[in-house]
Amino acid sequence: MKTWQDTLNLLQRLTFRKTWNIAKTLSSYYVSRFLRKPIHWGLPYSISIEPTTACNLRCPECPSGLRAFTRSTGVLDKTFYEKIIDELSEYVLYLTLYFQGEPYLHPHFFDLVQYASQKKIYTATSTNAHFLHEKNAQKTLDSGLDKLIISIDGTTQETYEQYRIGGNLKKVIQGTENLLNLRKKGNYRKPYTIFQFLVVKPNEHQIKDIKQLAKNLGVDKVVFKTAQIYDYENGSPLMPTQSKYSRYALQANGKYAIKNPLLNQCWRMWQGCVITWDGKVVPCCFDKDATHQLGSLKERTLQEIWQSEAYQSFRQKLLIARKEIDICRNCTEGTKVWV
């Protein structure tokens, strides 16, 4: 599947109302930056909803993998989810069914995708692909999922399992083959399938290999992603030697610092948000432990939360002192390298 086909698929979900909402969101963002005052005339057009915090792997630097959440863990209620989709379907264009955890562990994952798809929302998810056996691969195709990101951080088992602890590379490759073979056989136009390669020191020597593997399998695109490291100041065995793929740079004092200049602006605070499995609204995917809860969808609508004093106060702080916000200090907005 070509990139332009995926773009066309996304654009086909646009309506006049969604287009107008995007225009209002874009204009309010630039006005807010200019005035250094949070103004928002629109509503979020891109959101992430967390199906579950459960995961089958134990990846380092991942709260889900480390089982290190302080917030409640659980599974998204299907009826509650449908209520959320009903509320936001008129103005949301893009839905990512992923935050923390492995989405395919949700008992009704395909129903979640299908419900949003039927509401003319573009749907995407990210998976470690350990559950893409033929039956689930076919269900994925039938659900109407638009984009599938497969996390694959090595081309040999030895390298792969150094980060994807507990993972089986053969399952990932077989799952990818299952999906793409069935997609081709059934003449399905989607999902657009991406290999996402988290570049760390143990696997950076396989960058060329993952491109070749993707080509051999018929994967649509490869994305190289830099690794977020929580305790980065003194370095880490995970930091790649190629600076292009590192979020951090060695300073004159011998400490590491994030390369992002952390300007007092962030488009994410205007275009979208994240909803946890239990309905908490948090500003973005960097708030993995949901420490900055801006409201609950079990108590208020998303529109009410979006324009609330708490949300506007968070945006205001970001516009004048982003470095003072803990989740922003390790933020790497714009660090993905697209191939």
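Residues numbered from 1 in each chain as written. Predicted model: local features only at pLDDT ≥ 70, side-chain atom pairs only at ≥ 80, totals over all residues. Heavy atoms only, no water.

## Describing the pairing of strand 4 (residues 147-151)
Among the five residues that make up strand 4, five are buried, leaving the element largely enclosed by the rest of the structure. Here strand 3 (residues 122-127) pairs with strand 4 via four bridges, running parallel. Across the sheet, the residue bridging to Ala 124 is Lys 147, located in strand 4. The parallel pair strand 3 and strand 4 is bridged by helix 6 (residues 134-143), and the resulting crossover is right-handed. (Buried < 20%, exposed > 50% of the residue type's maximum accessible area, 1.4 Å probe, protein only. Helix = DSSP H or I, 4+ residues; strand = E, 2+ residues; numbered from the N terminus. Pairing = 2+ DSSP bridges. Right-handed = clockwise from strand over helix to strand, strands pointing away.)

## Re the packing of helix 4 (residues 78-88) against helix 5 (residues 109-118)
Two numbers describe how helix 4 lies on helix 5: the axes approach to 10 Å, and their chain directions differ by 20 degrees. In this view, helix 4 runs roughly parallel relative to helix 5, as classed from their interaxial angle. For helix 4 against helix 5, the interelement crossing comes out right-handed. Contacts between helix 4 and helix 5 involve Lys 78, Tyr 81, Glu 82, Ile 85 and Asp 86 from the former and Asp 111, Leu 112, Val 113, Tyr 115 and Ala 116 from the latter. When grouped by side-chain class, the residues that make up the contact of helix 4 with helix 5 number six nonpolar, no polar and four charged. (Axes fitted to C-alpha atoms, helices over the stretch in contact; angles between N-to-C directions. Parallel < 35°, antiparallel > 145°, perpendicular 65-115°, else oblique. Left-handed = near helix turned anticlockwise from the far one by under 90°. Contact = heavy atoms within 4.5 Å. Nonpolar A, V, L, I, M, F, W, Y, C, P; charged D, E, K, R; others polar.)

## A word on helix 5
Among the 10 residues that make up helix 5, seven are buried, leaving the element largely enclosed by the rest of the structure. Taken together, the buried positions of helix 5 are occupied by Phe 109, Phe 110, Leu 112, Val 113, Tyr 115, Ala 116 and Ser 117. Looking at the buried side of helix 5, the elements it contacts are helix 4, strand 2 (94-96), strand 3 and helix 6. Directly beyond the C-terminal end of helix 5, a positive phi value near 65 degrees is found at Lys 120.

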